[in-house]
Amino acid sequence: MADVSLKEVALIVGVVAACYWNSLFCGFVFDDVSAILDNKDLHPSTPLKNLFQNDFWGTPMSEERSHKSYRPLTVLTFRLNYLFSELNAVSYHFLNLIFHGVVCVVFLKVCKLFLDNRSSVVASLLFAVHPIHTEAVTGVVGRAELLSSIFFLAAFLSYTKSKGPDNTIVWTPIAVTVFLVAVATLCKEQGITVVGICCVYEVFIAQGYTLPVLLDTAVQILQGKGSIPFSMLQTLLKLIVLMFSTLLLVVVRVQVIQSQLPVFTRFDNPAAVSPSPARQLTFNYLLPVNAWLLLNPSELCCDWTMGTIPLVESLLDVRNVATLIFFCFLGSLVVFSLRYPGDSSKTVLMALCLIVLPFIPASNLFFPVGFVVAERVLYVPSMGFCILVAHGWKKLSNKSVLRKISWVCLAVVLFTHALKTLHRNWDWESEYTLFMSALKVNKNNAKLWNNVGHALENEKNFERALQFFIQATQVQPDDIGAHMNVGRTYKNLNKTKEAEESYMIAKSLMPQIIPGKKYAARVAPNHLNVYINLANLIRANESRLEEADQLYRQAISMRPDFKQAYISRGELLLKMNKPLKAKEAYLRALELDRTNADLWYNLAIVYIELKDPTEALKNFNRALELNPTHKLALFNSALLMQESGDAQLRPEAKQRLLNYVKEEPQDANGYFNLGMLAMDDKKDVEAEAWMKKAIRLQPNFRSALFNLALLYSQTSKELMALPVLEDLLKYYPDHTKGLILKGDILMNQKKDIVGAKQCFEKILELDPNNVQGKHNLCVVYFEERDLIKAEKCLVETLALAPHEEYIQRHLNIVRSKIASLSVTEQSSLPADGTATTAAEEKKKSFQNLKEVKNEQKTSQTTADNKKGHSKNKKRTEKNNMEEETPKKSTKEIKDIEKKRVAALKRLEEIERILNGE
């Protein structure tokens, strides 16, 4: 066996790079979305053991919806990509490119076992540029083929070293082979087929037997004319070890899938559920279809399911001719390779083994698969095809007449294949380009129309998406998923009537329940979502909540382990104000999946509705144990801790909000609540910084604007509060408390009576019965020295709040001043002392009115305290307080002020929650 030179390696790697450099500009498309973007097993927070418990797509192997594709080592490489670059597609494609280069180099080494150096390089180059490989190399999920192929070839190379001098057995290479077979199988299932190739190699290549020799030996042994040769006994021993090891791997693999085959529908593989002879005829016809893709990869398609290849339902179908020709050609190659000795037959035999044996798992011969044709499963079989082509080319090039033609043909094939590969890579740039390229090849596949619709839907282009979804229903009228897509798109376009009609069509296509037969065995589990989608649509109508609940219960009755139905029903029951039943639904869902952080979060919301904050916090904590970055659990548990009023919980609440803003740096609510926590802790500078950050992200953030103004007011920065209030009232002109605060600052700090009056009059335009605004307007009238108007105003205010003692007392004071001024004016004493007395009386009247204003604020605190029942919000009104009769102590005044601030803070928080800020 010749070694691979550096020049050959450089040539192969250079060609690979030239063909696949543009794959680095492609994104995550098609199956990449499920395997990469939606696969939680890639996240560092997921335990490594989950990789060995879940399938390739991150679904637990124990679940019926699992595809049973067990490839933990491939997922591990995805996880390493995620660790270094998270979801940067470039790194994933780059690693695939490297793996393809490695496969090409190792394949070159394998080729040199059966071909000369020149032919081996030709085979390796053809393999490197073949367009059929774009799905395996440019599609990120194709890494399973690449990794499995590396260990597949390495296992075979290791086994070729198991024959020692004098035909002795070298056990170390065999042990390495068994290990590499196991690794290859953990990358992709077809890796185990290398054992069959090793067996063929041992018998027909290493030992040099031909089929006639084996038959003659068997006949002689059966007739008792001879015994088994020692060399043959050694061969049997090696084969028994290989087969026993393979059997162990198969047993382990069956245990992993828990003796359950995946559930596929007739849309995935129509022939698999077709009656005889259509099933057998179609499966046999698919073999020449795959062979043609290797021979002429001009029309490639990412999805060959559904109606891409119509069923062969009759022996008279002309396509059976292609099947017959294929088997005749294959049979002739098999006979030639097994019957005749020589290097040529050995090369053909090993090429056939590489074509046939790795393809068996995808051939539907032993169990149905979830596709009709898949280009990426031809990755390893194409190795045998390339060896056959290189071997044939060598035969032609050795003839002087055909030497030049053979070289020209080879150059043309390599060049055109490289160009096709380079061009095909661009199809994988996005889902839209990929599925549109597929529709150019095949327009009879409803799944392709659906997938283009999904790509447009992701771009929010619902009108165009709807056209493709409707076309999918016309291509495949009984496609439940297509009708569901139409319904969902109508819903996105706010056409609820049309959406409901589409969902009803999809629902009518669902098979009826057959007693004693498992429902999931006859339909894809995701089709049951039609009940969920329809219920979610109609529950927007309050009069149809019971109808929606009936749909959820119907879905549950058809599939008792349908977790999503319990979750959606729990949400509905909460809306129907049935928290206890909602709790039952979520507990049932948790029985099915206790590792679902969303379920624990939903259960916490139920306990909040049940007024059990302690249990709610426990469930929030369980959600965060399972998913430390669960955004809603972080945010709402922090709010719950803040609402509890327990100062010991504030540090944890702050940490959770910090974690939340780390996950959602553009959500102003996180910064706002950090500001509220800082205000609770009297950290005014920190609170100001958080509030400003919230406002920068969301300039119209109502609560942040108001509370920042309150913060300035509380910290004797009333003039800084004014521009903030201006912004608040620009966005929310009817913000009553903002108008009150602005009016107070204008009157007390700016001495702008006119501006304050406008604020209080605006309040009364919005709410004529607003006692606080009305009373403050009375104060303005008094400041304007219009005592008669002030009296009338206070009388009207008292009528609105007859039980407020302070209003009555203030009215009495105003009336007494009016009476006092009347008496003073009636006396005509011109003496200066008399005038001074009158002036002093008026001054005292203004002072007493300031007392009125101050008493109003103090009394208003009592009213606010009765309303406050949520988180604290801060507000301080600054006034030059005069002494009252009876006089209150400083401590009493401070206590009242604290209660007033707390009450106003709570009121504003209630408002924030109700407004959904």
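Residues numbered from 1 in each chain as written. Predicted model: local features only at pLDDT ≥ 70, side-chain atom pairs only at ≥ 80, totals over all residues. Heavy atoms only, no water.

Enquirer: How should the overall build of the protein chain be read in this particular structure?
Expert: Counting secondary structure elements, the protein chain contains 40 helices and zero strands. Across the protein chain, the fraction of contacts at a sequence separation of at least 24, relative to all contacts at a separation of at least 6, is 67%. (Helix = DSSP H or I, 4+ residues; strand = E, 2+ residues; numbered from the N terminus. Contact = heavy atoms within 4.5 Å.)

Enquirer: Got a minute to help me understand the nonpolar core in this structure?
Expert: Side chains that are nonpolar tend, in soluble globular proteins, to be buried together. If you look at the biggest cluster of nonpolar residues, it comprises 162 residues, and the most contacted ones within it are Cys302, Ile309, Val373 and Tyr531. Grouped together as the second largest cluster of nonpolar side chains are 71 residues, Val122, Leu147, Leu239 and Cys353 included. (Core = buried A, V, L, I, M, F, W, Y, C linked by side-chain atoms within 4.5 Å. Buried < 20%, exposed > 50% of the residue type's maximum accessible area, 1.4 Å probe, protein only.)

Enquirer: I would appreciate a short explanation of the pattern of salt bridges in the present structure.
Expert: Working definition: two side chains of opposite charge can pair if their charged atoms are close together. Per the stated rule, a full pass over the model turns up 33 salt bridges. A salt bridge links arginine 376 to aspartate 31, with the shortest nitrogen-to-oxygen separation between them at 3.1 Å. One end of the pair, arginine 376, is in the loop between helix H14 (343-356) and helix H15 (381-397); the other, aspartate 31, is in helix H2 (residues 31-37), with 345 residues separating them in the sequence. Between lysine 188 and glutamate 145 there is a salt bridge whose closest N-O contact spans 1.9 Å. A residue pair is termed long-range when its members are at least 10 positions apart, and lysine 188 in the loop between helix H8 (171-187) and helix H9 (194-206) and glutamate 145 in helix H7 (residues 143-159) qualify at 43 residues. The pair formed by lysine 188 and glutamate 145 is uniform in burial state, with each residue classed as buried. A cluster of three or more residues bridged by salt bridges with shared partners is formed by Asp31, Glu135 and Arg376. (Salt bridge = Lys/Arg side-chain N within 4 Å of Asp/Glu carboxyl O.)

Enquirer: Looking at this structure, I do not really get the packing of aromatic side chains. What am I missing?
Expert: Ring pairs (aromatic) are described by centroid distance and by the angle formed between their planes. Using the criterion set out here, one finds 20 aromatic pairs in the structure. Where tryptophan 21 meets tryptophan 426, the ring centres are 6.1 Å apart and the plane angle is 85°; that geometry is what we call edge-to-face. Pair noted here: tryptophan 21 is in the loop between helix H1 (6-20) and H2 and tryptophan 426 is in helix H16 (residues 403-427), with a separation of 405 residues, a long-range link. Between tyrosine 601 and phenylalanine 620 the ring centres are 5.6 Å apart and the planes differ by 45°, which places this aromatic pair in the tilted class. Of this pair, tyrosine 601 sits in helix H26 (residues 597-609) while phenylalanine 620 sits in helix H27 (residues 613-626); the two residues are 19 residues apart in sequence, bridging distant segments of the chain. According to the relative accessible area criterion, phenylalanine 620 is buried, its value standing at 0%. Note that arginine 71 overlies the ring of phenylalanine 56, its terminal NZ or CZ placed 4.9 Å from the centroid. When the ring centre of tyrosine 285 is taken as reference, the NZ or CZ atom of arginine 319 above it lies at 5.2 Å. (Phe/Tyr/Trp six-rings, centres within 6.5 Å; stacked < 30°, edge-to-face > 60°. Lys NZ or Arg CZ within 6 Å of the ring centre and 35° of its normal.)

Enquirer: In this structure, what is going on with the packing of H7 against H9? I would like to understand it.
Expert: A packed helix pair is summarised by two numbers, namely the angle formed by the two axes and the spacing between the axes. Interhelical geometry of H7 versus H9 gives an angle of 25° and a closest axis separation of 10 Å. Judged by the angle between their axes, H7 and H9 are roughly parallel. Here H7 runs over H9; the crossing is right-handed. Taking contact as the criterion, the partners of Phe152, Ala155, Phe156 and Tyr159 in H7 are, on H9, Val194, Ile197, Cys198, Tyr201 and Glu202. For the contact of H7 with H9, the per-class residue count stands at eight nonpolar, no polar and one charged. (Axes fitted to C-alpha atoms, helices over the stretch in contact; angles between N-to-C directions. Parallel < 35°, antiparallel > 145°, perpendicular 65-115°, else oblique. Left-handed = near helix turned anticlockwise from the far one by under 90°. Nonpolar A, V, L, I, M, F, W, Y, C, P; charged D, E, K, R; others polar.)

Enquirer: Would you mind going over H7 with me for this structure?
Expert: Helical geometry: 3.6 residues make up each α-helical turn, so side chains three or four residues apart lie on a common side. With 17 residues, H7 extends 24 Å between its outermost C-alpha atoms, agreeing within 8% with the 24 Å of an ideal straight helix rising 1.5 Å per residue. Across the 17 residues that make up H7, a large majority, 15, are buried. (Expected span 1.5 Å × (residues − 1).)

Enquirer: Teacher, can you tell me more about the state of the cysteines here?
Expert: A covalent bond between the sulfur atoms of two cysteines is what we call a disulfide. Applying the stated criterion across every chain, the model contains one disulfide. Note that cysteine 778 is cross-linked by a disulfide to cysteine 793, the S-S spacing being 2.1 Å. As the torsion about the S-S bond is roughly -85°, the cysteine 778-cysteine 793 disulfide counts as left-handed. In this pair, cysteine 778 is assigned in helix H36 (residues 771-783) and cysteine 793 in helix H37 (residues 787-800), connecting sequence segments 15 residues apart. The pair cysteine 778 / cysteine 793 is uniform in exposure class, with both members buried. Counting only cysteine sulfurs, cysteine 386 is the nearest neighbor of cysteine 104, a cysteine outside any disulfide, at a range of 9.1 Å. On the accessibility criterion, cysteine 104 (0% relative accessible area) is buried. (Disulfide = S-S within 2.5 Å.)

Enquirer: Would you explain unusual backbone geometry in this entry?
Expert: Excluding glycine, most residues fall at negative phi; most peptide bonds, likewise, are trans. Cis rather than trans, the peptide bond between serine 276 and proline 277 has omega equal to 0°. Looking at where proline 277 falls in the secondary structure, it is placed in the loop between helix H11 (230-256) and helix H12 (278-295). Of note, asparagine 494 is a non-glycine position whose phi angle comes to about 60°, a positive value. Looking at the secondary structure, you find asparagine 494 in the loop between helix H20 (480-492) and helix H21 (496-508). Non-glycine residue arginine 785 carries a positive phi angle of around 65°. Topologically, arginine 785 is positioned in the loop between H36 and H37.

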